[in-house]
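# Understanding the architecture of this molecule
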Amino acid sequence: MSLPAEMPRPQAAEFIQQALVLHQQGRAEDAARLYQQVLADDPGNFDALHLSGVLLHQFGHSAEALRAVAAALNVRPGSADALTNYGVILHALERYEEALAAFDRLMALRGEDATAHYNRGNALKKLGRQAEALASYERALAFAPGHLDALYNHGNTLFALNRHEEALADYDEVLALSPRYVRAHNRRGNALRALDRNDEALAAYDAGLAIEPANAEVLSNRSVTLAKLGQLDAALESCDRALQARPDYADALYNRGNVLFALVRPEEAVESFQAALRLEPRRVDVWNNLGLALFIQQKYAEAIANYDRALALDPDHLQALHNRASALAGLESYDEALAVCDKVLLLAPDHVDTLNTCGIILGKLKRHQDALDSYDRALALAPDRIDIEANRGTTLIEVDRLEDAVASFETVFASDPDHVIALINCGNALVRINRAAEALAKYDRALELNPGNSVAISGGGVALTALGRLDEALARHDEALRIEPDLIPAHVNRGNTLVCMARLAEASVSYDNALALEPEHVEANFNSAVTRLCVGDFEEG
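Residues numbered from 1 in each chain as written. Predicted model: local features only at pLDDT ≥ 70, side-chain atom pairs only at ≥ 80, totals over all residues. Heavy atoms only, no water.

### Things to note about the overall build of the protein chain
To be explicit about the condition: The helix and strand labels rest on DSSP assignments: H or I over at least four residues marks a helix, E over at least two residues marks a strand, and numbering proceeds from the N terminus. C-alpha atoms define the radius of gyration, and 2.2 Å times the number of residues to the power 0.38 defines the globule rule. Partly exposed residues are those whose accessible area sits between 20% and 50% of the maximum for their type, while under 20% is buried and over 50% is exposed, using a 1.4 Å probe and protein chains only. Whether two residues are in contact is decided by their heavy atoms: any pair within 4.5 Å suffices.
In terms of helices and strands, the protein chain carries 31 helices and zero strands. Whereas a compact globule of 541 residues would reach a radius of gyration of roughly 24 Å, the protein chain reaches 34 Å, over 25% beyond that. With respect to the three principal axes, the spread of C-alpha positions in the protein chain is 120 × 45 × 40 Å. By the burial criterion, 50% of the 541 residues in the protein chain qualify as buried. By sequence separation, contacts in the protein chain at least 24 residues apart represent 46% of the contacts at least 6 residues apart.

### Some points on the nonpolar core
Selection criterion: Nine residue types can take part in a nonpolar core, namely buried Ala, Val, Leu, Ile, Met, Phe, Trp, Tyr and Cys, and a core is a set of them joined through side-chain atoms within 4.5 Å.
Ranked by size, the top nonpolar core spans 114 residues in total, and within it Ile16, Tyr35, Tyr86, Phe273, Leu290 and Ile361 carry the most contacts. If you tally residues by element for this core, the top one is helix H20 (residues 334-347), at seven residues. Excluding residues within four positions of it along the chain, Tyr86 makes contact with Leu66, Val69, Ala70, Leu73 and Ala102. Leu423, Ile433, Ala463 and Ala480 belong to the second-largest nonpolar core, a separate cluster that totals 34 residues.

### Quick look at the packing of aromatic side chains
The description of an aromatic ring pair rests on the distance of the ring centres and on the angle between the ring planes. We count it as follows: Side-chain rings of Phe, Tyr and Trp (the six-membered ring for Trp) are treated as a pair once their centres are within 6.5 Å; stacked means planes under 30 degrees apart, edge-to-face means over 60, and tilted covers the remaining angles. By definition here, charges over rings are those cases where NZ of Lys or CZ of Arg is within 6 Å of the ring centre and within 35 degrees of the ring normal.
Taken as a whole and assessed by the stated rule, the structure comprises five aromatic pairs. With a centroid separation of 6.1 Å and an interplanar angle of 50°, the aromatic rings of Tyr152 and Tyr171 are classed as tilted. With Tyr152 in helix H9 (residues 148-160) and Tyr171 in helix H10 (residues 164-177), this residue pair connects regions lying 19 residues apart in the sequence. Comparing Tyr152 with Tyr171 shows no difference in burial state: the two are buried. The positively charged end of Arg187 is found above the aromatic ring belonging to Phe159, 5.1 Å away from the centroid. If you follow Arg283 out to its NZ or CZ, it ends over the ring of Tyr254, 5.2 Å from the centre.

### Describing the confidence of the model for the protein chain
How we decide: A residue's pLDDT is the confidence the predictor assigns to it, expressed on a 0 to 100 scale.
With 96% of its residues at a pLDDT of 70 or more, the protein chain has an overall mean of 92. Low pLDDT, under 50, characterises residues 3-8; the predicted model gives this stretch 14 contacts beyond four residues in sequence or across chains.

### Brief notes about the environment of Ala301
Its location among the elements puts Ala301 in helix H18 (residues 300-313). Residue Ala301 is classed as exposed on the basis of its relative accessible area of 52%. For the pair formed by Ala301 and Leu331, sequence separation is 30 residues and the distance between their alpha carbons is 7.7 Å.

### Digging into the packing of helix H7 (residues 114-126) against helix H8 (residues 130-143)
In a packed pair of helices, the relevant descriptors are the angle between the two axes and the axis-to-axis distance. Put simply, the rule is: All axes here are fitted lines through C-alpha atoms, helices being fitted over the stretch that makes contact, and every angle between N-to-C directions spans 0 to 180 degrees. Roughly parallel means an angle under 35 degrees; roughly antiparallel means over 145; roughly perpendicular covers 65 to 115; every other angle is labelled oblique. Put simply, a crossing is left-handed when the front helix is turned counterclockwise from the back one by less than a right angle, and right-handed when it is turned clockwise.
Put simply, H7 and H8 touch, their axes get as near as 8 Å, and they point 165° apart. Relative to H8, the element H7 is oriented roughly antiparallel. Crossing hand, H7 versus H8: left-handed. Within the contact between the two elements, H7 uses Ala114, His117, Tyr118, Arg120, Gly121, Asn122, Leu124 and Lys125 and H8 uses Gln130, Glu132, Ala133, Ser136, Tyr137, Arg139, Ala140 and Phe143.

Written out as structure tokens, the structure reads:
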């Protein structure tokens with residue numbers, strides 16, 4: 001805030017001077033009382049109006065402050081100090097267009113005032129006019145090269161424009177001038193993290209915390225970097241320290257939710273996201289991630305409700321739209337899910353996650369070639385996405401392109417030899433092209449990584465059956481069904497093994513168990529009918 005350059009009127013000088021001293025001592029009520037005494041005798045006293053406005057703003061009464069400074073400007077429209085403070089108060093009230101107009105008026109009075117250009121830049125930045133804000137900060141720095149706040153905000157604006165290297169250079173310059181400027185340490189860490197220089201980012205946050213150990217913003221941002229480094233427990237501890245310092249800090253609650261999600265603690269993540277939204281209910285990112293935490297718990301309808309809250313705030317939010325499509329697919333509303341995917345791809349034709357999800361949904365609709373086309377488009381954009389390659393391999397099995405499926409899975413294994421789902425599905429393809437020993441090795445490796453995986457156990461049984469090791473095969477199917485009694489493929493596979501053992505009546509029971517769970521299961525129906533015919537049950541067969 002600016003103090004007036006001119007002295008008050010002689011008859012009010014003593015009271016104004018006393019009030020200024022009290023003001024500077026933080027004795028707000030006593031200072032305000034003196035300003036009011038001056039105004040009682042002289043309602044148009046410029047200094048009393050102006051300084052009482054400054055006082056009110058400094059103690060959190062910005063709306064009253066604005067009225068007082070506006071009254072002062074009515075008395076003296078050409079006061080640069082009052083105009084500066086008027087703009088600052090408008091900015092604090094989030095009336096950024098009006099603040100900008102005030103600073104533009106100020107330019108006519110103080111065109112070479114660095115602080116005026118700095119304040120103008122701040123208003124432009126809030127209005128999203130980043131390039132113009134950058135120019136204003138540059139003018140401020142031209143008039144005052146050592147203006148730390150202008151240099152710092154110049155860096156922040158470069159960061160907002162994704163010019164992270166240049167932003168980093170600004171923060172380095174700020175810290176060369178003022179090594180204890182904690183906000184610059186914090187933003188320097190953010191820039192380094194954006195450049196994927198996470199170890200250096202962590203060091204930057206720690207440098208800030210060495211100065212202010214309880215700085216909630218630094219602790220919260222530090223948690224994001226720790227999470228990127230895979231240090232999830234340390235990230236959670238950093239969030240908790242941030243919230244201990246500032247319990248109502250929505251960013252820290254949001255980051256804590258993200259860390260809990262990564263730790264596969266979705267119920268706790270939901271609580272953190274909900275707490276953040278109670279503080280900042282218009283946070284699209286939080287509504288979206290709350291939906292994800294519900295989605296992972298298979299609470300698809302609740303997830304959709306939260307995605308819809310995000311989309312009410314930002315109808316074209318690509319990630320929320322994509323996630324909504326995934327949740328609709330979870331509810332088996334495949335046509336509706338596909339329509340949402342189409343909307344995303346209309347907005348962003350190269351949205352890789354949506355192309356992948358679209359492929360999954362098309363597969364559910366038995367449109368396997370369309371699914372493959374979607375996966376191929378995604379992989380052309382992101383060839384290193386092994387999750388998409390694995391999905392492609394699974395779809396190739398569905399269209400009986402088994403050798404191609406194996407090739408897809410081998411591409412996955414080149415990057416991740418321990419991809420459990422790919423190991424199982426590769427086993428499924430290998431056993432069908434009479435490479436049962438290789439299939440068994442894939443299933444067994446999947447079980448080493450994920451003991452108790454019933455699908456891999458029963459798949460191993462299929463491979464053992466093909467290898468003629470029937471007793472071992474039957475034992476595997478029985479183990480799978482002990483773990484997951486409703487696993488339909490295990491009932492069918494058990495029946496097939498029993499047929500090979502010539503235990504046809506028992507095989508029929510296994511097929512019936514499968515059909516009790518899924519009456520339209522094609523393989524179970526066919527094999528059951530053939531088995532019954534073989535035992536002479538012509539009526540049922």
